[in-house]
Amino acid sequence: MTFTVDVHHHVLPDFFWAATNDGDHPVGGIQPPPWSTDAALSFLDDAEIDVAITSISTPGVHTGDDTAARALARRCNELSAELERDHPDRFGGFCCLPLPNIDGALDELRYGLDELHLDGVVLFSNALGVYLGDQRMAPVFDELQRRKAVVFVHPNASPDPTAHTLGLPDSLIDFTADTTRAIAQMHYSNTFARTPDVTYIFSHAGGTVPYIAGRFAIVDEMDVIPGAESRSRAADTFRRLYWDTALSWTDPVLAMLRSVVGIDHVLFGTDYPYLRRDLAVGARGHIGDSPQLTADEKTAVLGGTAARLIPRLARLGVH
């Protein structure tokens, strides 16, 4: 059986859910089933997934109060570390940060990586409307660059209220659009250029980026946005980033990813527990059965590439 790593796997403990979500109106518009360690392990077994790298989900830990956000981040990160300690061959974890509080984020980054020894960091496309390419975020990205960290980027709902007036769940359109906004701003603000040693993994195949890659190329060719002398062209940047397959494992998407980013930069993800369980369990099979991929490429997407990026997985010697 091919070693399989789920890099897009959420932990939603009761204390996180109560602090960040309205039970009648869950963020994203989809109500997941109650989360527990036992349920997560059962899912991994049924889905034939060896290891899940866990992360909290939208909206992150900051809903307006800096002190509460720092406390919630600490509690979430200690839970992630506990999962890894108790089940070291089944779970890893990405550290969450109380952004946009920069001082709190830097403190929690140090704690999560140095004390808890988590595998990387989860960031959200925007934090209370502050996008990742904003200059205010620079101290965090400077520290991530210094550490050569692995950074998993997950969408958040748009801060624009008009984006939520269509009667549609944010997870349908807005999440993919917000991932695209974040990638575009990070590229054209030269955030990627300033952090060449950070390993970025973007959720859901990068939102709409693979589909509109040609528009980025035209903007670059026309030299529309200042600062081009300090960054690569978008086409080159995209091949440096990594992209997960959560809700994005169909053959047309895989073909686009091959063309735009290269299959060697694609990682398996499920989006558990938001995706209905039977669909999430079947996600691995879509990759395994895809005629778009060779046998070696399937091995790499399912877990080989993740084991190369996350040192703890490589040290397990299971890939």
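The structure under discussion appears in the preceding block.
This structure is a prediction, so every number in the text was calculated from the model and none was measured.

(A) Layout of the sheet that holds strand E10 (residues 266-267). Read across the open sheet, the eight strands follow the order E1-E2-E3-E4-E7-E8-E9-E10; overall the sheet is parallel. Strands at the two margins of the open sheet, each flanked by one partner only, are strand E1 (5-10) and E10. Two strands pair when backbone bridges link them, and strand E2 (residues 51-55) and strand E3 (residues 91-96) are joined in this way by three bridges, in the parallel orientation. For Ile-53, the partnering residue across the bridge sits in E3 and is Gly-92. The strands touched by helix H3 (residues 66-86) are E2 and E3; relative to E3, the strand with the most contacts, the crossing angle is about 165 degrees.

(B) A look at the pattern of salt bridges. For the structure on display, the rule yields 16 salt bridges. Among the salt bridges present, the one from Glu-143 reaches Arg-146, with a minimum N-O distance of 2.7 Å. Of this pair, Glu-143 and Arg-146 are both found in helix H5 (residues 138-147), three residues apart, which corresponds to roughly one turn of the helix. Residue Arg-146 is classed as exposed on the basis of its relative accessible area of 58%. Between Asp-178 and Arg-181 there is a salt bridge, with its nearest N and O atoms 2.7 Å apart. Note that Asp-178 and Arg-181 are positioned in helix H6 (residues 174-188) at a spacing of three residues, about one turn of the helix. If you follow the salt bridges from partner to partner, you end up with Asp-114, Glu-143, Arg-146 and Arg-147 in one network.

(C) Seen up close, empty space enclosed by the protein. One pass over the full model with this rule turns up one cavity of 30 Å³ or more. Around the largest cavity sit Leu-132, Asp-134, Gln-135, Met-137, Ala-138, Phe-141, Asp-142, Thr-191, Arg-194 and Thr-195, which together line it. If you tally residues by element for the lining of the largest cavity, the top one is H5, at three residues. Taken together, the residues that form the lining of the largest cavity break down as four nonpolar, three polar and three charged.

(D) The arrangement of the pairing of strand E4 (residues 120-124) in detail. Here E4 lies mainly inside the structure; five of its five residues are buried. Strand direction decides the pairing type here: E3 and E4, joined by three bridges, are parallel. Within E4, the residue paired with Cys-96 across the bridge is Val-122. Once you follow E3 into helix H4 (residues 102-115) and on to E4, the crossover reads as right-handed. Bridge count for E4 against strand E7 (residues 150-154) is four bridges, and the pairing is parallel. Looking at E7, one finds that Phe-124 is bridged to His-154.

(E) Geometry of the side chain of Asn-126. Turning to its location among the elements, Asn-126 is positioned in strand E5 (residues 126-127). According to the relative accessible area criterion, Asn-126 is buried, its value standing at 3%. If we skip the residues at most four places from it in the chain, Asn-126 touches Tyr-131, Asn-156, Ala-157, Ser-158, Pro-159 and Asp-178.

(F) The arrangement of the nonpolar core in detail. Core analysis: the biggest nonpolar cluster contains 96 residues, and Leu-144, Tyr-200 and Phe-238 have the highest contact counts within it. With seven residues, H3 is the largest single contributor of residues to this core.

Parameters and conventions
Every residue gets a number counted from 1 within its own chain, in the order that chain's sequence is written. Where local features are concerned, this predicted model is filtered to residues with pLDDT of at least 70; where side-chain atom pairs are given and counted, the filter is 80 or more; whole-chain, interface and lining totals use all residues. Side-chain measures were taken over the full set of non-hydrogen atoms in the model, leaving aside hydrogen atoms and water. One requirement defines pairing of two strands: DSSP has to find at least two bridges between them. A helix here means a DSSP run of H or I that spans at least four residues, while a strand means a run of E at least two residues long, and both kinds are numbered starting from the N terminus. Contacts: residue pairs with any heavy atoms within 4.5 Å of one another. Orientation is described by lines fitted to C-alpha atoms, with helices fitted over the stretch in contact, and by angles between N-to-C directions that extend from 0 to 180 degrees. A carboxyl oxygen of Asp or Glu within 4 Å of a side-chain nitrogen of Lys or Arg is what we treat as a salt bridge. When accessible area is computed with a 1.4 Å probe and restricted to protein chains, residues below 20% of their type maximum are described as buried, those above 50% as exposed, and intermediate ones as partly exposed. The way it works is a 1 Å grid over only the protein atoms, where trapped points that fit a 1.4 Å probe form a cavity and open points with protein on both sides within 12 Å along at least five of seven lines form a pocket, and then any residue with an atom within 4 Å of a point lines it. Grid points are joined across faces, edges and corners, and a volume is the space filled by probe spheres set on the points. Side-chain classes follow a simple rule in which Ala, Val, Leu, Ile, Met, Phe, Trp, Tyr, Cys and Pro form the nonpolar group, Asp, Glu, Lys and Arg form the charged group, and the remainder, Gly included, forms the polar group. Orienting the strands away from the viewer, one traces the path from the first strand over the helix to the second; a clockwise path indicates a right-handed crossover. In this description, a nonpolar core means a group of buried Ala, Val, Leu, Ile, Met, Phe, Trp, Tyr and Cys residues linked to one another through side-chain atoms lying within 4.5 Å.

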